[in-house]
Amino acid sequence: MAILPLQMMFLLNWLNKSLLSILVQAELYRVKRAFDEVEPLYLEAINILEESFGSEDIRSESLTMYASLRVPISGAALHNLGQFYLVQRKLEEARMCYEKEKTVWTEASIAAVSKYGGASAGYRTMLDALIPASAVHQERLNAGDDPSTAFVLSSEAALSGAESTRDMQAQAGRSSYISAEILASVPDPGAMAAAAWYRSAALAIKDKCQAL
């Protein structure tokens, strides 16, 4: 693990306290139903994270200590803001928050598996389903697709990515302990499982959005 400079450690400590203070204050206002005060606080917390570190910080080796802080805080802030919008019947705003929250956790999952499992694209693991899914999801959102459609299309990429592991040599994960002859006939089980639950989640979200 990289050792953070002293100034960086002070900065991270300050951000930790500041963000938690903002989020606690937002929750107190929400409980008191002082709704005019809630939204600006959640948005402030999210903006601090994005402006300070951007969306790529969870992959940065020099920010390993902060990664464990940033991901749950930004995910929690987006989730709680989405809940707030849902109570206010601001359905489109709520949906966008949940979609951003999903992106945060998907990217964090990919980064964690890659860092601690030593895997990357092409290693015949669940990442061969999740990485293309994440890429297609972001592409479709950037192209203007609504979040539920982008989610469904990205789940198709997850399935395709999982199927593509049939032709890969296992370089990480449990499949790396199995002979290549056996693996040659089937896709990676972990990748298929990841694609299956990702696809199920996408279809469930689509059905729920259509019911609104």
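Only a predicted model underlies this, so the values are computations on that prediction, with no experimental measurement involved.

The geometry of an aromatic ring pair is captured by two quantities: the separation of the ring centres and the angle between the planes. Scanning the model with the defined rule gives three aromatic pairs in all. Measuring from centroid to centroid gives 5.1 Å for phenylalanine 151 and tyrosine 198, while their planes differ by 90°, and the two rings are edge-to-face. Placement of phenylalanine 151 in helix α6 (residues 147-164) and of tyrosine 198 in helix α8 (residues 189-211) is noted, with a sequence separation of 47 residues between them. Here phenylalanine 151 and tyrosine 198 have matching classes, each one buried. Aromatic pair tryptophan 197 and tyrosine 198: ring centres 6.2 Å apart, planes at 45°, arrangement tilted.

Where helix α4 (residues 91-117) contacts helix α5 (residues 127-142), the axes come no closer than 10 Å and their chain directions differ by 150°. Handedness of the crossing formed by α4 with α5: left-handed. Two secondary-structure elements touch here, α4 through Glu99, Lys102, Thr103, Thr106, Glu107, Ile110, Val113 and Ser114 and α5 through Leu127, Leu130, Ile131, Ser134, His137, Gln138 and Leu141. Residues of the contact of α4 with α5, tallied by class, amount to six nonpolar, six polar and three charged.

Before going further, it helps to spend a moment on the side chain of serine 148. As for its position among the elements, serine 148 is in helix α6. Residue contacts for serine 148: discarding those within four places in its chain leaves Arg95, Ile205, Lys206 and Cys209.

Turning to the confidence of the model for the protein chain, a few remarks are in order. Scored by pLDDT, the protein chain comes out at a mean of 77, with 79% of its residues at no less than 70. The least confident element of the protein chain, judged by mean pLDDT, is helix α1 (residues 6-31) at 65; the most confident is α6 at 93. Ignoring residues within four places in sequence, the model shows residues 55-70, a span with pLDDT below 50, making 36 contacts including any to other chains.

In terms of nonpolar packing, the biggest core is built from 19 residues, with Tyr42, Leu81, Phe84 and Tyr85 touching the most fellow members. If you tally residues by element for this core, the top one is helix α2 (residues 35-53), at seven residues. Discounting residues that sit within four places of it in the chain, tyrosine 42 has contacts with Leu23, Ala26, Glu27, Ala77, Asn80 and Leu81. Core analysis: the second largest hydrophobic core is formed by 16 residues, Ile110, Leu127, Ala158 and Ala194 among them.

Here we come to the side chain of histidine 137. Here histidine 137 is to be found in helix α5. Leaving out residues up to four positions away in the same chain, histidine 137 has contacts with Glu99, Lys102, Thr103, Ala150, Phe151, Ser154 and Tyr198.

All right, on to the environment of cysteine 209 then. For cysteine 209, the position within the fold is in helix α8. Residues cysteine 209 and proline 147, 62 residues apart in the sequence, show an inter-C-alpha distance of 9.7 Å. Ignoring any residue separated from it by four or fewer positions in sequence, one finds cysteine 209 in contact with Arg95 and Ser148.

An ideal rise of 1.5 Å per residue puts 26 Å on 18 residues; α6 measures up with 26 Å between its terminal C-alpha atoms. All buried positions along α6 are accounted for by Pro147, Ser148, Ala150, Phe151, Val152, Ser154, Ser155, Ala157, Ala158, Gly161 and Ala162.

So, how was this worked out
- Residues numbered from 1 in each chain as written.
- Predicted model: local features only at pLDDT ≥ 70, side-chain atom pairs only at ≥ 80, totals over all residues.
- Heavy atoms only, no water.
- Phe/Tyr/Trp six-rings, centres within 6.5 Å; stacked < 30°, edge-to-face > 60°.
- Helix = DSSP H or I, 4+ residues; strand = E, 2+ residues; numbered from the N terminus.
- Buried < 20%, exposed > 50% of the residue type's maximum accessible area, 1.4 Å probe, protein only.
- Axes fitted to C-alpha atoms, helices over the stretch in contact; angles between N-to-C directions.
- Left-handed = near helix turned anticlockwise from the far one by under 90°.
- Contact = heavy atoms within 4.5 Å.
- Nonpolar A, V, L, I, M, F, W, Y, C, P; charged D, E, K, R; others polar.
- pLDDT = per-residue confidence, 0-100.
- Core = buried A, V, L, I, M, F, W, Y, C linked by side-chain atoms within 4.5 Å.
- Expected span 1.5 Å × (residues − 1).

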